Amino acid sequence: MKHVCILLLVSFSLLSCVTDRNSDDVDTIDLLTNYDAITLDRPTFEASVTLEDARTIVNSGKIYVLNGLLFVNEKNKGFHIFDNENPSSPIALAYIKAPGATDLAIKNNVYYINQAVDLIAVTYDKQTANLQVTKRIREVFPPKVSPDGFIHDIPDGEIIIDYELED
């Protein structure tokens, strides 16, 4: 009987440590995570994909090589584009700014990018340095999870594009 009481006491103690991650109590979630969500409203998010000048890689992710081009993901920020005709000396060409992006797939010269919760299709013309978003499918992917495993409760119309450590 003594063992059963101890087992029940330990079980109830452990249950008191569990919280509901889907809770509407944002203060509870704030206590459980060390990260703040970085968000954009939907219109800003959809207008955020642009072609910019080449820049230095700060936090690289996945790498893709196809048709003489090299793509290096800047985690949750976009993709660096390099001319890779000479693989021993790639030349930086441009940067695709796509907040929330972490992955890329290429088929028939169309670049499919997961941009946070959306899937977008873009075309890039190396000769004219032109980038065009040709299609966007909303809400294909789940919201981004913080590095310590939490999904923040954010207002409707906001998209989580990244996380940063709290100050």
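Given the structure is predicted, the values throughout are model-derived calculations rather than measurements.

Rules used throughout
- Each chain has its residues counted from 1, running along the sequence as written.
- Side-chain atom pairs in this predicted model are given and counted only at pLDDT of 80 or more, local residue features only at pLDDT of at least 70, and totals for whole chains, interfaces and linings cover all residues.
- Here the side-chain values reflect all heavy atoms present in the structure, with hydrogen atoms and water set aside.
- Any two of the Phe, Tyr and Trp rings considered here, Trp counted by its six-membered ring, make a pair once their centres fall within 6.5 Å; the pair's planes then place it as stacked at under 30 degrees, edge-to-face at over 60, or tilted in between.
- Secondary structure elements are taken from DSSP: a helix is a run of H or I of four residues or more, a strand is a run of E of two residues or more, and numbering for both begins at the N terminus.
- Relative accessible area decides the class of each residue, using a 1.4 Å probe on protein chains only: under 20% of the type maximum gives buried, over 50% gives exposed, and in between gives partly exposed.
- Every patch collects residues that have over 30% relative accessible area and no salt bridge, joining them within 9 Å if they carry like charges and within 5 Å if they are nonpolar side chains (Val, Leu, Ile, Met, Phe, Trp, Tyr).
- Every accessible area reported is derived by Shrake-Rupley at a probe size of 1.4 Å, with residue values counting cover from the shown protein chains alone.
- Between Lys or Arg on one side and Asp or Glu on the other, a salt bridge is scored when a side-chain nitrogen of the former is within 4 Å of a carboxyl oxygen of the latter.
- When charges are counted, neither His nor the chain ends are considered; positive counts come from Lys and Arg and negative counts from Asp and Glu.
- Lysine's charge is taken at NZ, arginine's at CZ, aspartate's at CG and glutamate's at CD.
- Whether two residues touch is decided by their heavy atoms; if any such pair falls within 4.5 Å, the residues are in contact.
- Think of a polar contact as two N or O atoms within 3.5 Å of one another; within protein, one of them needs to be a possible hydrogen donor and the other a possible acceptor, and neighboring residues in sequence only count if both atoms come from side chains.

Q: Account for the packing of aromatic side chains, with residues named and values stated.
A: Throughout the structure, instances matching the rule amount to 1 aromatic pair. Consider the rings of F71 and Y111, whose centres lie 5.0 Å apart with planes at 50°: the pair is tilted. A residue pair is termed long-range when its members are at least 10 positions apart, and F71 in strand β4 (residues 69–74) and Y111 in strand β8 (residues 110–115) qualify at 40 residues. Here the two residues F71 and Y111 agree in accessibility, since each one is buried.

Q: A description of a negative patch on the surface should follow, citing residues and the corresponding values.
A: Together, D36, E164, E166 and D167 give the surface a local cluster of negative charge. Tracing the sequence through the fold places E164 in strand β11 (residues 158–165).

Q: Can you break down the environment of N114 residue by residue, with the values?
A: If you trace the backbone, N114 turns up in strand β8. Along the sequence, N114 and A101 sit 13 residues apart, while their C-alpha atoms lie 5.5 Å from each other. If we ignore the near neighbours within four places in the chain, the residues touching N114 are G100, A101, T102, D103, L119 and F141. Within the local environment of N114, its side chain forms a polar contact with the side chain of T102, the two groups lying 3.0 Å apart. At a separation of 2.6 Å, a polar atom in the side chain of N114 contacts the main-chain amide nitrogen of D103.

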